[in-house]
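Examination of the molecular architecture
Given next are the chains, with one letter for each unit.
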Amino acid sequence: MTIRHEERPVLTPHNLDETELLGLFRRMALLREFEERTAEQYARGRIWGFCHLYTGQEAVAVGAVSALTREDYVVTAYRDHGQAIAKGIDPKRVMAELFGKRTGTSLGRGGSMHLFDREVNFMGGYAIVGGHLPIATGLALAVQYREEDRIVATFFGDGAVAEGAFHESLNLAQLWQLPVVFVLENNLYGMGTAVERASATRDFHPRAEAYGIPGEAVDGMDVLAVREAVTRARDRALDGKGPSFLEMKTYRFRPHSMSDPGRYRTRGEVDIWRQRDPLRTFPERLIEEEVATREQIDVILGEVEEEVRECIAFAEESPHPEPADLMRFVWAADEPEGEDGP
Amino acid sequence: MIPSASHPVPSGTAGSPSGPDGSPDSQVPLRVLSPDGGLEGEAPDLSPTEREALYRQMSRLRAFDNRMINLQRQGRIGFYGPATGQEATTVGSAFALEAGDWIFPALREAGALLVRGYPLRKMVAQLYGNRADDALGHQMPCHYTARELRFVSMSSCIANQLPQAVGAAWAARIRGDRTVVLGYIGDGGTSEGDFHAAMNFAGVFRTPCVILCQNNRWAISVPVEKQTAVREIARKAAAYGIPGLQVDGNDVLAVVAATRAAADRARCGGGPTFIEALTYRAGPHTTSDDPTRYRASEEAGRWPDPIPRYRAFLEASGAWDEERERGLQAELEGEIDAAIEEVEAEPAPDPASLIEGVFATPPALLRDQLEEVLRPRR
Ligand SMILES: Cc1ncc(C[n+]2csc(CCOP(=O)(O)OP(=O)(O)O)c2C)c(N)n1
Ligand SMILES: Cc1ncc(C[n+]2csc(CCOP(=O)(O)OP(=O)(O)O)c2C)c(N)n1
Ligand SMILES: [Mg+2]
Ligand SMILES: [Mg+2]
């Protein structure tokens, strides 16, 4: 069923049919389920080390990546499970990476913060706050130089805005009119530091003006709003009009990382934001506007539960990396051959 | 904008054409003197002696620059970076401070040191790096430092003085004293991450500082149009919640007015201000640079010289004339001659001082190297 404008004034501007709308929901539900089970596995000691969950921000990754093609590059920070899966990496391989297994996206040696898959042009999660922005900008320079028909979308947090690398990247991106979309996920905290303690300006999007880049605020809890904004920014970049800056207003429901007791904010604050949980509001909207039934939603939720169960089974059964490979896959000279490769 | 009754500044927007960044309006730079030196705005409150001192210091800096370039061409000093064309910005801004305020220079602020009363002889000594130099030749030429005058050493790394300046201002705020910090930056320096970190910090912690960008249109061979897509660097301040304004950097009275208002504001707890001074690097980047290879000589020929402009203002008010000018030039020549003569008579530093003054305790490796240097040659 295609939704026609007269009937569905809210959803139709996006020109999405029922399958596509349910697809967006399905991907968000998968990310949510994936992170919930990841937390469980972490508590059981199957996953260790740094691990930052994406719970609450699903509408950003899913909405933004849905506006991209497989050829478009994505570069993100350490809170990267959401973008990686949305970009099309098999979630089984993501889970295996979290388990440190040989079948993981980075052969088990990257872990949660260093997912990577060149096949789907997911060019990595990076642990240094803001450190990936020059990488994304450089990729965009390569795209422009080679006159390719694709763009770069890069995701980063409110904490990254204070980094020098952010400043240098935005300046050059606009100066050289590079095809890059800067997607700021303003979840109101950089670890335990609330944005009002880290920035003298309330909003970040007007800051884009300091570089001559158009900046815009977007409801990051609304998957369609995100998709729409990124679509426009992508079109601009493809038209040779240079970079865009999108500030996604979002929120993370869980602590910063698995080692954060979260004492810097109140339960009440989290509860208020949970009212706007995209996994609650989006299916409600689909049902209300008769795009889907409650039963269809429940079926999807059951399917993603099963899918994540399979991810965990896959990760558990996969082999550990070979100790003999310890020194490999680090330097270019040791570039793995054939099927061994990442 | 700086809210200060005594030093009104333009409210920011006038309907000039939109910039390449699509910004709707341009700011009107603060100006007191017209290009030919007529009084156009409200002059800052200065005594006749102070007015004359501004002129004397600008002329002194110009004369010094010219002579040092000659010395370099004669092979008597190794390197020099002139501030020709930027005299009004450096002299005016330093003049607007109080003696207890700290200055964190970028690379072209020797004029600020002159204003602080640093002896010209010591500047020459720094360039020779001989025994007359306080740092005994350890620093690169033109990297003056005068702790007693609260003038921090120049640093070769572009922009790293700004986080330090903001940090010093933060210290002043924590201590609750009335010190204000003036940090300089070039137009090229604004592309550095350190500029960004410093501005953000200044905005969040409302540190009592003035950040002054000398937009001289060039960063070595890179014109400002290739440095940033934003036409007015002052606009960048808004991104950090800091007031930003443009001032005609070739109008010494306007620079004094703007810096004084910003320093007053900082001193009263009003937080930081960003000033973009529009000026022009009339000479080469340094004596190792040949600007004819990257910019048209006509461009340099049209530069607005701040010194005759201010002189015209003084003459119109009867405070200056040809005779006084001749006297000043002779006086400056004498001062510079005497300084050079005195410094050139000094020997090179003792080789043993090579490793002194860098580490609290020189590491063994350096001591070994020094021993080798001092060992008599066979
Ligand atoms: C350069 C650098 N400084 C500090 C850290 C430690 N650190 C890790 S995450 C983080 C907070 C980043 O916050 P934000 O950018 O808002 O992203 P979010 O965690 O909210 O997704 C910090 C300070 C780091 N990884 N890199
Ligand atoms: C971090 C760093 N990068 C490069 C240089 C080389 N360099 C010296 S001066 C200069 C240009 C600075 O231009 P600007 O900030 O406009 O100051 P101006 O020379 O015009 O006074 C550069 C690139 C340096 N000293 N430090
Ligand atoms: Mg954050
Ligand atoms: Mg410059």
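Structure shown above.
Residues numbered from 1 in each chain as written. Chains lettered and ligands numbered in written order. Predicted model: local features only at pLDDT ≥ 70, side-chain atom pairs only at ≥ 80, totals over all residues. Heavy atoms only, no water.

What follows is about the site of ligand 2. All names here are of chain B. For ligand 2, the set of nearby residues contains 15 residues, the closest of which are R108, S156, G188, N216 and W218. S156 places a main-chain nitrogen or oxygen 2.6 Å from a nitrogen atom of ligand 2. Here a nitrogen atom of ligand 2 sits 3.1 Å away from a polar atom, N or O, in the main chain of I158. Contact with the protein chains removes 70% of the 580 Å² of surface that ligand 2 exposes when unbound. Across the shell around ligand 2, the residue classes tally to 6 nonpolar, 6 polar and 3 charged. (Near = heavy atom within 4 Å. Polar contact = N/O pair within 3.5 Å; in protein donor to acceptor, adjacent residues only side chain to side chain. Areas by Shrake-Rupley, 256 points an atom, 1.4 Å probe, with all protein chains shown as cover. Nonpolar A, V, L, I, M, F, W, Y, C, P; charged D, E, K, R; others polar.)

It is worth spelling out the packing of aromatic side chains at this point. All names here are of chain A. One pass over the structure, following the stated rule, counts 20 aromatic pairs over all chains. Judged by centre distance (6.2 Å) and plane angle (85°), the rings of F166 and Y211 are edge-to-face. In this pair, F166 sits in helix α6 (residues 164-175) while Y211 sits in the loop between α7 (195-198) and β7 (215-219), placing the two residues 45 residues apart along the sequence. Judged by relative accessible area, F166 falls into the buried class, the value being 1%. The interplanar angle of 75° and the centroid separation of 6.2 Å between the aromatic rings of F166 and F245 together place this pair among those described as edge-to-face. Of this pair, F166 sits in helix α6 while F245 is found in strand β8 (residues 244-249), placing the two residues 79 residues apart along the sequence. Each member of the pair, F166 as well as F245, carries the same accessibility label: buried. Taken together, the aromatic side chains of F156, F166, F182, Y211 and F245 make up a single cluster linked through ring pairs. The aromatic ring of Y189 is capped on one face by R265, whose charged end is 5.7 Å from the ring centroid. (Phe/Tyr/Trp six-rings, centres within 6.5 Å; stacked < 30°, edge-to-face > 60°. Helix = DSSP H or I, 4+ residues; strand = E, 2+ residues; numbered from the N terminus. Buried < 20%, exposed > 50% of the residue type's maximum accessible area, 1.4 Å probe, protein only. Lys NZ or Arg CZ within 6 Å of the ring centre and 35° of its normal.)

This part is about the pattern of salt bridges. All names here are of chain B. Taken as a whole, this structure holds 48 salt bridges over all chains when the rule is applied. One salt bridge in this structure joins R56 and E331, with 3.2 Å as the shortest N-O distance. Of the two residues, R56 is situated in helix α1 (residues 48-73) and E331 in helix α10 (residues 322-344); the sequence distance between them amounts to 275 residues. One salt-bridge network, in which partners are shared between bridges, spans R311, E315, E322, E325 and R326. (Salt bridge = Lys/Arg side-chain N within 4 Å of Asp/Glu carboxyl O.)

Glancing now at the coordination of the magnesium ion (ligand 4). Residue and element names in this part refer to chain B. Each protein donor to the magnesium ion (ligand 4) is listed here as D187 (OD), N216 (OD1) and W218 (O); together their distances run 2.0 to 2.1 Å. All donors of the magnesium ion (ligand 4) come from a single chain, and their spacing in sequence reads D-x28-N-x1-W. Residue D187 is located in the loop between β2 (181-186) and α6 (193-205), and its partner W218 is located in strand β4 (residues 218-219); the two are separated by 31 residues in the primary sequence. (Donors = N, O, S within 2.8 Å, 3.2 Å for Na, K, Ca; no water.)

Time to look at the sheet that holds β7(A). Residue and element names in this part refer to chain A. Strand order across the open sheet formed by 6 strands is β2-β1-β3-β4-β8-β7, with parallel pairing between neighbours. Among the strands making up the open sheet, the edge pair consists of β2 (122-125) and β7. Shown here is a sheet whose adjacent strand axes are inclined to one another by a mean of 20°, direction ignored. Direction of pairing for strand β1 (residues 73-76) relative to strand β3 (residues 152-157): parallel, over a ladder of 3 bridges. For Y73, the partnering residue across the bridge sits in β3 and is V152. The sheet strands contacting helix α2 (residues 58-66) are β1, β3, β4 (180-186) and β8, and the helix crosses β3 at an angle near 170°. Across the face of the sheet, α6 comes into contact with β3, β4 and β8 while running at roughly 145° to β4. (Pairing = 2+ DSSP bridges. Axes fitted to C-alpha atoms, helices over the stretch in contact; angles between N-to-C directions. Contact = heavy atoms within 4.5 Å.)

All names here are of chain B. In this structure, F64, M68, Y144 and Y310 are the most contacted members of the largest nonpolar core, which totals 71 residues. The dominant element in this core, judged by the number of residues it contributes, is helix α7 (residues 252-267), at 10 residues. The contacts of Y310, once residues within four sequence positions are left out, are L33, R51, L54, Y55, M58, V252 and L253. (Core = buried A, V, L, I, M, F, W, Y, C linked by side-chain atoms within 4.5 Å.)

What follows covers the sheet that holds strand β7 (residues 273-278) of chain B. All names here are of chain B. Across the sheet, which stays open at both edges, the 5 strands sit in the order β1-β2-β3-β7-β6 with parallel pairing between neighbours. Here the strands that pair on one side only, and so sit at the sheet edges, are β1 (102-104) and β6 (244-248). Neighbour to neighbour, the strand axes of the sheet diverge by 20° on average, direction disregarded. As paired strands, β6 and β7 are joined by 5 bridges and run parallel to one another. Bridged to D248 within β7 is L278. Against the sheet, helix α5 (residues 161-175) contacts β1, β2 and β3 (209-215), and its axis sits at roughly 165° relative to β2.

What follows covers the state of the cysteines. Evaluation of the coordinates by the stated rule reveals 0 disulfides over all chains. Residue A:C51 stays outside any disulfide, its sulfur separated by 14 Å from that of A:C311, the closest cysteine. Here A:C51 falls in the buried class, since its relative accessible area comes to 1%. Not engaged in a disulfide, the cysteine B:C213 finds its nearest cysteine sulfur in B:C209; these two sulfurs lie 14 Å apart. (Disulfide = S-S within 2.5 Å.)

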